[in-house]
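# Architecture and fold: a report
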Amino acid sequence: MEHIRTTKILHHHIASVEKLALTTSGCPLVIQCKNFRIVHFIVPRERDCHDIYNSLLQLSKQAKYEDLYAFSYNPKQNDSERLQGWQLIDLAEEYKRMGVPNSNWQLSDANREYKICETYPRELYVPRIASKPIIVGSSKFRSKGRFPVLSYYHQDKEAAICRCSQPLSGFSARCLEDEHLLQAISKANPVNRYMYVMDTRPKLNAMANRAAGKGYENEDNYSNIRFQFVGIENIHVMRSSLQKLLEVNGTKGLSVNDFYSGLESSGWLRHIKAVMDAAIFLAKAIMVENASVLVHCSDGWDRTSQVCSLGSLLLDSYYRTVKGFMVLIEKDWIAFGHKFSERCGHLDGDPKEVSPVFTQFLECVWHLTEQFPQAFEFNEAFLLQIHEHIHSCQFGNFLGNCQKEREELKLKEKTYSLWPFLLDDLKKYLNPIYNSQSQRFTVLEPSTVSFNFKFWRNMYHQFDRTLHPRQSVFNIIMNMNEQNKQLEKDIKELESKIKQCKNKQTDDILTKELLHSIHPESPTLKSSLCFKEQTLLPVNDALRTIEGSNPTDNRYSDYAEEFSKAEPAVVSLEYGVARMTC
Amino acid sequence: MEFSELIRTGRAQAELLRGPEAPPLRGTLCVTSHHLLLSPGTEASPDLWLLLLRSVDSIEKRVAGDSGTITLRCKDLRVLQLDIEGVEATLDIARSIEGLRLGDAWHFHPPERYYQRVARETNAWRLSEVNEDFSLCPSYPRALIVPRSVDDHALARSAGFRQGGRFPVLSYHHAPNGTALLRSSQPLTGPQKRRCAEDEELLRAVLVGARPGARGFIIDTRSAQAAKQARMTGGGTEAKAAYPGWKRLHRPLERGRPLQESFVRLVEACGDLEQSMDRWLSRLEGCRWLEHVKEALSTACLAAQGMEREGACILVHGAEGTDSTLLVTSLAQLILDPLSRTMDGFQELVEREWIQAGHPFQLRCAHSAFSHARPKHEAPTFLLFLDCVWQLGRQFPLSLEFGEGLLLALFEHAYASPFGSFLCNSEKERGLCEVRTRTHSLWSGLNQPKEQRKLRNPLYALNPLAIWPSVEPQSLRLWQGLFLRWTRPPEPSETAWEKVWQIVTDSEKTEGSA
């Protein structure tokens, strides 16, 4: 039995199913997954293939939330454990940590019943001097009612990151309440009187929006604002950019030149750099100029979430811890209404709403971990695992498009939260060389020179085992670290025992005994690790295990056709019937 | 300079005192390249007394009257005293021991040393000194490993049939299945399709020596067309009919000026901090450097695969056999041979397969990427090799005993160095320039204990398997540590590396104390 490897693919992970032309060995079926796995099946009989194809099409596209995996997933926890899991991340606690409410910022009850803005959370923090009528007035002047609210408060600088959607300014419309609210935000910063308004869209897009009665702030109407476009493209551009990237990478026998020209023409890294540049602009405004910043895009739930969360991550080392990163996602993405269900295509819906906005955020974080290998408590596997679960629909966190919808779905009663499950496996996600003490990492100042952006192979090829390093440094360091801790503990224990024994003056016999009680698993680390190939990623998933590397894995056979014994071209990666789990 | 030159005196009469317990020994004292030897007179015990010179930790000499005393303190804590007749003899012996006990890194890696290993594995090969005076091949070292059944006369004939006299010689013997990797230059078939019976016999002997019925592949690092064209200028490639059992494969590798230009364009692109993402990616593509990395690695994998999986012997050559040829043979060894992935083994590989094999460092590395001088013979073939090794190290981070630091050091020293190792273009030239007596060897410089932390890979663990790298473009990376060394902040990655070292040393420490 142990020789049979089963490949499990969640129905929710299926992005597309394709039936290719019949071949002599059978009917090929190609499944592309949202986690970038591509599986080729060869089904011997065409009718079977057709049946599988149809079933998969149906199963991968659910019409109702209630049919998603999370509603049937049962990890055998009782209700109180489930609730505890959901309470792990407490945003009120997080605002307290930031230092609000305080003399300048307060909790507003304006949206307690989702009356002003359906896609915002109930609890919103606003400047103390902004009265309710001002808030209500401003919300009417903002797309989808998403008026400016606090996203992050920088305690030392007393400066704030605020977020909202675009104003309904059209070509000339004004709103006094909105102007008041912005003024209140800049007044809430005692150090600096001017504030930045960052429109994260390209200027052209923002101008085009004016024709539809939307648009951007006119500097003349708002006192003390400095307006800035940063030019991140919209969800449609991002979707097709990723599409192109995946097409290039899926090419068989890809040449180096085609890879790089494909990487260039997809524009993917250019977009990643744009997001990163925006976050750096934001962080600098706060650190260098001490200015508060208001961030928006169109609706304020895609690019705005990217820039606010990434900016906070640069500024605050707490968000670079495991727990802090969870908080950050809960706050700037989940609570502020990033439309996870639409962007990830959880339900059968408008394919034009699907976009890898959150994936881009994770990639930006990955780039930061590459530039600052010691600044993050978590590792790459943590990012990959989160990415896995925004699509898996196994946990409730990412279902729905805003808090109101989630409450209506009763997710906290019917589904489980992802975070406690990640914490249970914390060891897998820790960065062994994390340095929480270093002063140099309080504020990250990444370089965005183009060559610092690399293709994230471990994300987009996470299942293509032949492309990855065959040995993992991570595992070995992690193990050593663990062992060091254990051994140090043993040493201390032994020392204290020896001390005790000496006090009792019965040293001779007891020390001998003690010497035998030394931790039995004395490390044979090096010898045990070197003969087998290493798992690339610490995620303990058999599918990601690198098996003995051999030349055919690497398709040198392409180069070695001349060898008479060259193996026949392998058409399918995996034979057999898929076992589906749900 | 040979070891024997360090031996100042042939022999002397001496008495050896080995401490109060053992009886003194009298006899004739001899210093050889590696040993101190005392041969007692015939009437006493016939056994020789031997001391490995490298085990000498310190040496002290005293002369009084017409005799002298040398006190040797050994690394194994023994203290030995030699009473020697004659002041001159005492001083000479002391000097010889002093000179030899340190070992001379110049003699650390000659082909002879590699032959010792081959000889333990098989007797199909012999060490030939046919090139003793460099008359057969000016770019080869004095000693070469050749099939046992081929005599020096045949070698000379074969040399006459190969460009620059570079007849096929053993580069690597793959002990697990007895196959061999050879290198040479192109045969001088010319437009008349000349043949050379001795050359054919040599390659036939290689197959016979490996295994009855063994096959061979000739990997020509030029395209089939270029190889054919070479006939017009007197070169060419092996005719199928003339070499039964051998099959030719063409794997064109870039070399010479196009490779230099690729290097120059990459370095230019890496110097531009302001360029847009699109511009950077298009320059990275346009310079084609990573394409060259991929091709070099693929060809080396092909050679290695042929040996390991097909049980075939491999001969690699291009035109001169001093550039791409060495790239392929040295990389194939790294892939197959765990010993070449150790610190010592890799240094030996560089010495044997690049320096001694006659890669013309002086010509190739005269200028680097910034020079305005019109490139004539410059080409970063050796750098390409280092880059490929770096890629191997990235894909098998636990399998190389050395780290990026050693590769960077080799790159630096190849282009400019206070040491003599990379001087000149061949062993012959190095001899004429007296490089060995007038300069120091790089290896003795690098192997100082204080350098080790920079050069070693703290996570190394012997991996007895072949390491097959992925050559897909997604798996190859720009070597930032080299090409962006001066443009990116090195600090975070360096402190991270320091942290890894610390964990490893802690680990060793705690293991020790527990």
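Note that the structure is predicted; figures quoted are calculated from it, not measured.

### Here we look at the overall build of chain B
- The number of helices and strands found in chain B is 20 helices and 14 strands.
- In terms of C-alpha radius of gyration, chain B reaches 26 Å, essentially the compact-globule figure of 24 Å for 514 residues.
- Seen along its three principal axes, the alpha-carbon backbone of chain B occupies a region of about 80 × 60 × 45 Å.
- For chain B, buried positions account for 57% of its 514 residues.
- Within chain B, residue pairs in contact and separated by at least 24 positions form 69% of the contacts whose partners lie at least 6 positions apart.
- By element, 52% of the accessible surface of chain B is carried by carbon and sulfur atoms, the whole surface being about 20900 Å².

### Regarding the sheet that holds strand β2 (residues 14–19) of chain A
Residues and elements named next belong to chain A.
- What the 3 strands build is an open sheet, ordered β2-β3-β4; its pairing is antiparallel. Only two strands of the sheet have a single partner each, and these edge strands are β2 and β4 (38–43). Strand-to-strand, the axes of this sheet are offset by a mean angle of 20°, without reference to chain direction.
- Relative to β4, strand β3 (residues 27–33) runs antiparallel, the two being bridged by 6 bridges. Within the sheet, the bridge partner assigned to cysteine 27 lies in β4 and is valine 43.
- Its contacts with the sheet place helix α1 (residues 46–60) against β2, β3 and β4, and it is angled at close to 160° to β2.

### A word on the interface of chain A and chain B
- Counting residues at the interface gives 65 residues for chain A and 72 residues for chain B.
- Both sides of the chain A and chain B interface together cover about 6500 Å² of buried area, and 61% of this is carbon and sulfur.
- Between chain A and chain B we count 1 salt bridge in total.
- Counting across the interface, chain A meets chain B through 11 residue pairs in polar contact (both at pLDDT 80 or more).
- At the level of elements, α8 (256–266), α9 (268–287), α13 (357–371), α20 (473–504) and α22 (525–530) of chain A are the ones that each hand at least two residues to the side of chain A that touches chain B.
- Ranked by residues supplied to the side of chain A that touches chain B, first place goes to α20(A) with 9 residues.

### A word on the pairing of strand β10 (residues 169–174) of chain B
Residues and elements named next belong to chain B.
- Of all the 6 residues making up β10, 6 are buried; the element is thus mostly covered by neighbouring parts of the structure.
- As paired elements, β10 and strand β11 (residues 179–183) share 5 bridges and run antiparallel to each other. Opposite leucine 170, over in β11, you have leucine 182 as the bridge partner.
- Linkage of β10 to β11, two consecutive antiparallel strands, is achieved through a turn of 4 residues, within which glycine 178 is found at a positive phi near 70°.

### What about the packing of helix α4 (residues 152–160) of chain B against helix α5 (residues 197–210) of chain B?
Residue and element names in this part refer to chain B.
- Contact geometry for α4 and α5: axes closest at 7 Å, N-to-C directions at 115°. Taken together, the axes of α4 and α5 lie roughly perpendicular to each other. The handedness of the crossing between α4 and α5 is left-handed. In this structure, α4 uses Ala154, Leu155, Arg157 and Ser158 to contact α5, whose residues at the interface are Glu198, Asp199 and Leu202.
- Residues of the contact of α4 with α5, tallied by class, amount to 3 nonpolar, 1 polar and 3 charged.

### Structural notes on the pattern of salt bridges
All names here are of chain A.
- Here the structure, examined in full by the defined rule, presents 49 salt bridges over all chains.
- We note a salt bridge from glutamate 118 to lysine 404, for which the minimum N-O separation is 3.2 Å. Pair noted here: glutamate 118 is in the loop between β5 (105–108) and β6 (124–127) and lysine 404 is in helix α15 (residues 403–408), with a separation of 286 residues, a long-range link.
- Residues arginine 343 and aspartate 302 are paired through a salt bridge, measuring 2.7 Å at the closest nitrogen-oxygen approach. Of this pair, arginine 343 sits in helix α12 (residues 340–343) while aspartate 302 sits in the loop between β11 (292–296) and α10 (303–315); the two residues are 41 residues apart in sequence, bridging distant segments of the chain.
- Given a relative accessible area of 7%, aspartate 302 falls into the buried group.
- Salt bridges sharing common partners tie together Asp302, Lys339, Glu342, Arg343 and Glu353.

### Considering the UniProt feature "active site" (unreviewed entry) in chain A
All names here are of chain A.
- When the UniProt feature table is mapped onto this chain numbering, "active site" (unreviewed entry) sits at Cys297.
- Residue position: cysteine 297 is located in the loop between β11 and α10.
- Filtering out sequence-adjacent residues up to four positions away, cysteine 297 remains in contact with Cys164, Ser165, Gln166, Asp199, Thr200, Arg201, Asp302, Arg303 and Thr304.

### With respect to empty space enclosed by the protein
- Evaluation of the coordinates by the stated rule reveals 6 cavities of 30 Å³ or more.
- As for the largest cavity, its lining consists of 18 residues, of which A:Tyr260, A:Phe453, A:Lys454, A:Phe455 and B:Arg477 are closest to the centre.
- Broken down by secondary-structure element, the contributors of at least two residues to the lining of the largest cavity are α8 of chain A together with α8 (277–287) of chain B.
- Here the residues of the lining of the largest cavity sort into 13 nonpolar, 2 polar and 3 charged.
- Size it by volume and the second largest cavity reaches roughly 100 Å³.
- In this structure, the second largest cavity is lined by 14 residues; those nearest its centre are B:Pro111, B:Leu144, B:Leu170, B:Arg183 and B:Arg352.
- When contributions to the lining of the second largest cavity are tallied by element, the ones reaching two or more residues are α3 (111–121), β9 (144–147), β10 and α11 (343–355) of chain B.
- It is β10(B) that provides the largest number of residues to the lining of the second largest cavity, a total of 3 residues.
- Split by residue class, the lining of the second largest cavity holds 9 nonpolar, 2 polar and 3 charged.

### Here we look at the domain arrangement of chain A
Residue and element names in this part refer to chain A.
- Each domain of chain A was delimited in the assignment, giving domain 1 (8–61) and domain 2 (80–468).
- A straight line from the C-alpha centre of domain 1 to that of domain 2 covers 35 Å.
- At the junction of the two partners, domain 1 supplies 8 residues and domain 2 supplies 15 residues.
- With both sides pooled, the region where domain 1 packs onto domain 2 buries about 1200 Å², and carbon together with sulfur makes up 60% of that total.
- Here domain 1 and domain 2 share 0 salt bridges between them.
- Viewed at the interface, domain 2 and domain 1 are joined by 5 residue pairs in polar contact (both at pLDDT 80 or more).
- Its residues assigned to classes, the side of domain 1 that touches domain 2 shows 2 nonpolar, 3 polar and 3 charged.

Scoring rules and cut-offs
- Residues numbered from 1 in each chain as written.
- Chains lettered and ligands numbered in written order.
- Predicted model: local features only at pLDDT ≥ 70, side-chain atom pairs only at ≥ 80, totals over all residues.
- Heavy atoms only, no water.
- Helix = DSSP H or I, 4+ residues; strand = E, 2+ residues; numbered from the N terminus.
- Rg over C-alpha atoms; globule rule 2.2 N^0.38 Å.
- Buried < 20%, exposed > 50% of the residue type's maximum accessible area, 1.4 Å probe, protein only.
- Contact = heavy atoms within 4.5 Å.
- Areas by Shrake-Rupley, 256 points an atom, 1.4 Å probe, with all protein chains shown as cover.
- Pairing = 2+ DSSP bridges.
- Axes fitted to C-alpha atoms, helices over the stretch in contact; angles between N-to-C directions.
- Buried area = accessible area lost by both parts, 1.4 Å probe.
- Salt bridge = Lys/Arg side-chain N within 4 Å of Asp/Glu carboxyl O.
- Polar contact = N/O pair within 3.5 Å; in protein donor to acceptor, adjacent residues only side chain to side chain.
- Parallel < 35°, antiparallel > 145°, perpendicular 65-115°, else oblique.
- Left-handed = near helix turned anticlockwise from the far one by under 90°.
- Nonpolar A, V, L, I, M, F, W, Y, C, P; charged D, E, K, R; others polar.
- UniProt positions renumbered as here; feature names shortened; annotations may be inferred.
- 1 Å grid on protein atoms, 1.4 Å probe; cavity = no way out; pocket = protein on both sides within 12 Å on 5 of 7 lines; lining within 4 Å.
- Points joined across faces, edges and corners; volume = space filled by probe spheres on them.
- Domains from an automatic or database assignment.

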